[in-house]
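Structure assessment
Chain by chain, the residues run as shown.
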Amino acid sequence: MGCLKNREMFKKRLSNINSYKPGKPIEEVKRELEVDEVYKLASNEIPFSPTYINKAIQKELKNINRYPETGCFYLRRAVAKKLKVRENSIVFGNGSDEIITLALRALIEDGDEVLVAYPTFLIYEIQARIEGAKIIRVPLKDFRYCLDDIANKVTSRTKLIFIANPDNPTGTYLTNKEVKAFLDKIPSSVVVFFDEAYFEFAPADFPKSIRFLNERGNIIVARTFSKAYGLAGARIGYGITTPDIAAVLNKVREPFNVNRFAQVAAAAAVNNDEFLDKVITHVKREKQFLYKELSKIGIEFIRSATNFILIDFKKDTGCLNQYLLENGIIIRELKGWGLPNLFRVTVGLCKENKKFIDLLKRYVNSI
Ligand SMILES: Cc1ncc(COP(=O)(O)O)c(C=O)c1O
């Protein structure tokens with residue numbers, strides 16, 4: 001009885017919203033399946049740690065009793081300089097996830113429409129529904145965003161359009177030309193949110209979104225230190241937008257949303273091109289290895305502009321997933337995306353990718 005009462009005091013719309021289920025952590029698989037060595041190829045993290053940041057973290061430890069700077073002063077200066085944008089056009093978040101939440105918190109009133117592709121990164125829809133938005137799903141075509149279909153769905157109630165570019169979980173991307181033509185059809189009253197979490201892995205014809213932002217204004221570009229920079233555990237990302245939009249996003253964020261260690265780690269990372277090059281070269285090379293080996297096994301996949309690959313297994317992935325887990329490999333099933341026959345694998349270390357391929361081969365030969 002008590003429970004029921006409690007449930008009734010919450011916002012009604014929350015009862016229909018499922019929370020986000022992240023990839024299984026290594027620690028959990030070790031505990032539950034008693035496997036000693038576990039390789040996580042589930043959450044699009046890079047497989048090596050940026051240990052060069054240790055000194056900066058160590059130095060910051062003595063200040064742990066003090067709140068961090070609310071404006072990420074040094075990091076802001078470094079990012080603005082690198083991207084040639086104004087310092088007051090950047091908003092930092094506890095991961096780029098938080099930039100998504102801030103945009104929705106600032107823009108959405110009950111019943112406003114938010115356009116999302118389907119399937120795509122799930123957080124857009126979850127957070128938008130929490131804010132009371134009406135979700136308009138626009139199906140992918142051949143695993144790609146269909147920008148014409150999205151533009152055709154814009155109404156006078158549309159507030160925000162989310163574009164994951166490159167996309168998760170497909171790994172496909174939209175080109176500069178495609179995005180330019182799309183933006184020409186979108187009214188200035190609608191904010192277009194380009195989520196570029198995998199920007200660093202994308203090819204040369206990738207959109208110059210900051211140029212579009214400077215020309216048009218109604219754009220937020222989100223990037224992250226979680227992926228190519230290897231700082232997923234620190235939780236830091238940012239949005240680049242107009243100073244006006246940035247001021248509103250800053251109004252609705254928590255004052256100390258980015259902790260001290262994330263700030264100094266990102267400041268050390270932002271200009272470390274050597275580490276970034278190492279990551280990008282590794283991912284490119286290992287993706288080729290995975291493509292080649294998957295083709296040999298006869299398994300279909302989508303060529304990716306990111307550090308993960310979407311694989312079409314053509315049958316339910318449940319048993320395969322369990323087999324891989326029991327042998328110490330965590331992949332990402334996509335049932336939550338409505339794709340029970342597909343799964344996503346993150347590019348890991350050479351030995352991790354090799355073990356994944358060996359196990360997959362063995363599994364496929366056994367069925
Ligand atoms: C498309 C996309 N956007 C945003 C994020 C969130 O990244 P973070 O909050 O770690 O910056 C992810 C993480 O997987 C992602 O795939």
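Rules behind the numbers
The residue count restarts for each chain, going from 1 along the sequence in the order it is written. The predicted nature of this model means local features are confined to residues of pLDDT at least 70 and side-chain atom pairs, given and counted, to a pLDDT of 80 or more, with totals for whole chains, interfaces and linings taken over all residues. Only when DSSP finds a minimum of two bridges between them are two strands counted as paired. A run of H or I in DSSP becomes a helix once it reaches four residues, and a run of E becomes a strand once it reaches two; helices and strands are each numbered from the N terminus. Note on definitions: a residue is near a molecule or strand provided its C-beta atom, placed from the backbone, lies within 6 Å of it. All residues other than Ala, Val, Leu, Ile, Met, Phe, Trp, Tyr, Cys, Pro, Asp, Glu, Lys and Arg, Gly among them, are scored as polar; the first ten of these are nonpolar and the last four charged. Lines fitted to C-alpha atoms define the axes, with helix axes restricted to the stretch in contact, and inter-axis angles between N-to-C directions lie between 0 and 180 degrees. The contact criterion used here is simple: two residues whose C-beta atoms, placed from the backbone, lie within 7 Å are in contact. What marks off one domain from the next here is an automatic or database domain assignment.

1. Here we look at the pairing of strand β13 (residues 339–346)
With 5 bridges connecting them, strand β10 (residues 308–312) and β13 associate as antiparallel partners. Residue pairing across strands places I311 opposite F343, the latter belonging to β13. Pairing of strand β12 (residues 332–334) with β13, which is carried by 3 bridges, proceeds in the antiparallel orientation. If you follow E333 over to β13, its bridge partner there is F343. The hairpin turn running from β12 into β13, its antiparallel successor, is 4 residues long, and G338 in that turn takes a positive phi close to 80°.

2. What about the site of the ligand?
Around the ligand sit 13 residues in total, of which G95, S96, D97, T224 and S226 are the nearest. Residue composition of the shell around the ligand, by class: 4 nonpolar, 7 polar and 2 charged.

3. A closer look at the sheet that holds strand β2 (residues 90–93)
Taken in spatial order, the 7 strands line up as β2-β8-β7-β6-β5-β3-β4 in an open sheet, and their pairing is mixed. With one partner strand each, in any of the chains shown, β2 and β4 (134–139) form the two edges of the open sheet. Direction aside, neighbouring strands of the sheet carry axes that sit 20° apart on average. Judged from the 5 bridges that link them, strand β5 (residues 158–164) and strand β6 (residues 191–195) form a sheet pairing that is parallel. Paired with I161 across the strands is V192, a residue of β6. Against the sheet, helix α10 (residues 243–251) engages β2, β7 (219–224) and β8 (237–240), with an angle of about 30° to β2.

4. Some details on the domain arrangement of the protein
Domain annotation for the protein reports domain 1 (19–49 + 274–366) and domain 2 (53–271). Relative to domain 2, the C-alpha centre of domain 1 lies at a distance of 26 Å. Residue-level contacts link 24 residues of domain 1 with 22 residues of domain 2. Elements represented by at least two residues in the side of domain 1 that touches domain 2 include exactly α12 (273–297), β10 and β13. Looking at the side of domain 1 that touches domain 2, its residues break down into 15 nonpolar, 7 polar and 2 charged.

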